[in-house]
Amino acid sequence: MPADTAATPDAQKAQDPKEIDNEERLSGLRTIRKVAPYLWPADPAWVRHKVLGAMALLIFSKMISVTTPFFYKGAVDALAEEGVPMLALGAIGLTVAYGMARLMTVGFQQLRDAVFTRVGQRALRMLALETFQHIHRLSMRYHITRKTGGLSRIIERGVKGVDFLLRFMLFSIGPLMLELLMVGVILAVVFDFYYLLIVAVTIGLYVWFTFAVTEWRVKLRREMNDQDTDANQKAIDSLLNYETVKYFGAENREASRYDAAMEGYEAAAIKTNYSLAFLNFGQSFLITCGLIGVMVMAAIGVQSGALTVGDFVMVNAYMVQITVPLNFLGTVYREIRQALVDMGEMFNLLEQPQEVTDKPDAKPLVVSGGRIELDNVRFGYDPERVILKGVSVIAEPGEMVAIVGSTGSGKSTIGRLLFRFYDVGEGALRVDGQDIRDVTQESLHAAIGVVPQDTVLFNDTIRYNIAYGRGGATQEEIEAAAKAAQIHAFILSLPEGYDTTVGERGLKLSGGEKQRVGIARTLLKDPPILLLDEATSALDSETEQEIKEALMQAGRGRTVLTIAHRLSTIAEADRIVVLESGKVVEQGTHDALLATEGRYAQLWHRQQSDEGAAAVA
């Protein structure tokens, strides 16, 4: 399934089922190739040593397992000789040996698991970390087209799939094949070729039936997964928009949407369970037929004197020994197929290309003053719709440059380009003469502090959220940043002070309080360049004025690029750039622009009129 689109049942029906199966098989081979390096890395060496140790223990356990029925046979034959004390004593010894052999088989299996567990957990951790890091490296364009619930589900199922594949493919399918081979050789050599033939035919039919039915079940499971992802996305989307749901009294509507998704999951799950019942009965029928066939041959051999009662018991023991793991073959095969599908989705995610990458020769950004230059920049999120059409703007070191304009003029786009969420289409964007495409993203991001329109906080303490601005910050530094953002006194007034939890996305704080925490966080980062992206547009006038003072203090000694909707907040800017339809139509100081009576003057008078009307109302 492509990682950049959410698969739906309708979309899959539109594709040829054989094509889907072929894609999944190829994806499965690719997935196995990608997992293999985690099990056999060049470094560290201890991983390879543990894998070899686990394989050796596996072989030992199977060798003991296939010899165990011989002790059972010997004990039965000894006990069958009635009235012979020495033979009875031998039967006791053989019985003890049989028990010890079974214990050693289990012991080696558990020791094998203990030796391998660190290898498996290391592989899981590294894959999960690699996926997590890659997601953060993907572009904003990718993230705004994805649903968080679906993305987290892909990662969760992918990591679980790796865990299942490691445990069952290495320690169920592999050992089963080895055990079947050993038992087949023993049946052919110790008894007769026909025993091997019956067992081989039974296993062949069993495997064919299991795989055929499981292939059908995989299609049902795929549909169930799609419904599960859909329901999970709806649930998370609804919970993230809790306030909106409440505002519109849409609780029942949301419940209906979620229930409709779960209804689809329920129907798919029922089909899956019915098919499992059919699979289990068919497997039992085939195994029972094979068992009866072998046991009838052994019974005939005992009656004719060619075999002993111990031989009869040993044949039964071998059949039970191979049928127990075979009973799980359908489940294991289905889960391995599903694990490969789930892991395939995760590796598709890992193969998503990064839209914005560092050049091989990229160097760290060197900020000498913080001069920002947009040189004839052209850009569009969609090639068919250009947003910026040759924009040229310069912010000298220490200046505050405001960018204003009507909605859709491209104001916020400039901020995203400066932080390099996207690369410019044409032209260049430079910081102190360095094209930001030629420097490392890490150094660029370190040089820019951003206060967005809506500060989103982690569901943690105020201390944690402010300290997020710089790792390892001391309490004194955190408090200094809070004082500069004019929120220290408010924090101290709270019962738990800096240990107050702000809630999901900071919902326990007001808009102004969240903004101040965001400003404090940015001040703690102490960047030479400050980007204010409509940082006060969502606040009331009184709060806006308080935040404005904090922002003015934050901007001292820094180059400030402020993207503003409310013109009253940027009247004191060193220069105001007016955008209209992606072009610079005016720039200058507040007074100079008002004097020209151009576009800026129109926007100013309109806002003043609107605010005056609101005040009267």
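Residues numbered from 1 in each chain as written. Predicted model: local features only at pLDDT ≥ 70, side-chain atom pairs only at ≥ 80, totals over all residues. Heavy atoms only, no water.

A.B. asks: Summarise the environment of Leu103; cite the residues concerned and give the values.
C.D. replies: Looking at the secondary structure, you find Leu103 in helix H4 (residues 85–137). Measuring from C-alpha to C-alpha, the distance between Leu103 and Ser65 comes to 9.7 Å, with 38 residues separating the pair along the chain. (Helix = DSSP H or I, 4+ residues; strand = E, 2+ residues; numbered from the N terminus.)

A.B. asks: Tell me about the UniProt feature "transmembrane region" (unreviewed entry) in the protein, residues and numbers included.
C.D. replies: In the numbering used here, UniProt assigns the "transmembrane region" (unreviewed entry) feature to residues 51–72, 84–101, 164–187, 193–214 and 285–306. End-to-end, the C-alpha atoms of residues 193–214 are 31 Å apart, and along that stretch the chain is 100% helix and 0% strand. Split by type, residues 285–306 is 91% helix and 0% strand. Its first and last C-alpha atoms lie 29 Å apart. (UniProt positions renumbered as here; feature names shortened; annotations may be inferred.)

A.B. asks: So what's going on with the sheet that holds strand E6 (residues 448–451)? Residues and values would help.
C.D. replies: One key point about sheets: their strands pair by backbone hydrogen bonds, in either a parallel or an antiparallel sense. With mixed pairing, the six strands of this open sheet are ordered in space as E6-E7-E8-E3-E9-E10. Of all the strands in the sheet, the pair left with one neighbour each is E6 and strand E10 (583–588). Here the average twist between neighbouring strands, direction ignored, is 20°. With respect to the sheet, helix H12 (residues 411–418) is in contact with strand E3 (400–405), E6, strand E7 (529–533), strand E8 (559–563) and strand E9 (575–580), its orientation differing from that of E8 by roughly 140°. Helix-sheet contacts for helix H17 (residues 511–525) involve E6 and E7, and the interaxial angle to E6 is about 175°. (Pairing = 2+ DSSP bridges. Axes fitted to C-alpha atoms, helices over the stretch in contact; angles between N-to-C directions. Contact = heavy atoms within 4.5 Å.)

A.B. asks: Got a sec to walk through the pattern of salt bridges? Specific residues and values, please.
C.D. replies: This structure, assessed with the given rule, holds 18 salt bridges. Close ionic contact of Glu254 with Arg257 constitutes a salt bridge, the shortest N to O distance being 3.3 Å. Taken together, the positions of Glu254 and Arg257, both in helix H9 (residues 251–304) and three residues apart, correspond to about one turn of that helix. Residue Glu373 is joined to Arg371 by a salt bridge in which the shortest nitrogen-to-oxygen separation is 3.3 Å. (Salt bridge = Lys/Arg side-chain N within 4 Å of Asp/Glu carboxyl O.)

A.B. asks: Go over the nonpolar core with me, naming the residues and quoting the values.
C.D. replies: Counting residues in hydrophobic clusters, the biggest one holds 40 residues, and the most contacted among them are Val404, Ile466, Ile570, Ile576 and Tyr600. Among the secondary structure elements, those contributing two or more residues to this core are E3, helix H14 (462–467), helix H15 (475–484), H17, E7, helix H18 (541–555), E9 and helix H20 (599–616). Broken down by element, this core gets its largest block of residues, five residues, from H17. Not counting chain neighbours up to four residues away, the residues in contact with Ile466 comprise Ile478, Ala481, Ala482, Ile491, Tyr498, Val517, Ala520, Arg521 and Leu524. Leu388, Leu418, Val431 and Leu444 belong to the second-largest nonpolar core, a separate cluster that totals 31 residues. (Core = buried A, V, L, I, M, F, W, Y, C linked by side-chain atoms within 4.5 Å. Buried < 20%, exposed > 50% of the residue type's maximum accessible area, 1.4 Å probe, protein only.)

A.B. asks: Before we move on, could you go through helix H7 (residues 193–240) and cite the residues and values that matter?
C.D. replies: Here H7 contains 48 residues, and its C-alpha end-to-end distance of 66 Å stays within 8% of the 70 Å for a straight helix at 1.5 Å per residue. Measuring from the backbone nitrogen of Tyr194 back to the side-chain oxygen at the start of H7 gives 2.8 Å, which picks out Asp192 as the cap. (Expected span 1.5 Å × (residues − 1). Polar contact = N/O pair within 3.5 Å; in protein donor to acceptor, adjacent residues only side chain to side chain.)

A.B. asks: Let's hear about H12: which residues, and what values?
C.D. replies: In terms of residue burial, H12 counts as a mostly covered element, since seven of its eight residues are buried. Inspection of H12 places Lys411, Ser412, Thr413, Ile414, Gly415, Leu417 and Leu418 among the buried residues, and these make up the whole buried set. Of the residues trailing H12, Arg420 is marked for its positive phi of about 60°.

A.B. asks: Give me the packing of H7 against helix H10 (residues 309–327): which residues, what numbers.
C.D. replies: Close contact between H7 and H10 brings their axes to 12 Å; oriented N to C, the two are set at 15°. The angle between the axes of H7 and H10 places the two elements in the roughly parallel class. The hand of the H7/H10 crossing is right-handed. For the pair H7 and H10, contact is made by Tyr195, Val199, Ile203 and Tyr206 and by Val315, Met319, Ile322, Leu326 and Asn327, respectively. (Parallel < 35°, antiparallel > 145°, perpendicular 65-115°, else oblique. Left-handed = near helix turned anticlockwise from the far one by under 90°.)

A.B. asks: Run through the sheet that holds strand E4 (residues 426–431), naming residues and quoting values.
C.D. replies: Pairing in this open sheet of four strands is antiparallel, and the strands run E2-E1-E4-E5 from one edge to the other. Unpaired on one side and paired on the other, strand E2 (388–395) and strand E5 (434–435) mark the two borders of the sheet. Bridge count for strand E1 (residues 372–379) against E2 is six bridges, and the pairing is antiparallel. Counted as the bridge partner of Val377 is Val391 from E2.

A.B. asks: Describe unusual backbone geometry, naming the residues involved and giving the relevant values.
C.D. replies: Positive phi is not limited to glycine here, since Asp432 has a value of about 50°. Here Asp432 is to be found in the loop between E4 and E5. Despite not being glycine, Gln486 has its phi angle at roughly 60°, a positive value. The residue Gln486 is located in the loop between H15 and helix H16 (488–493) in this model.

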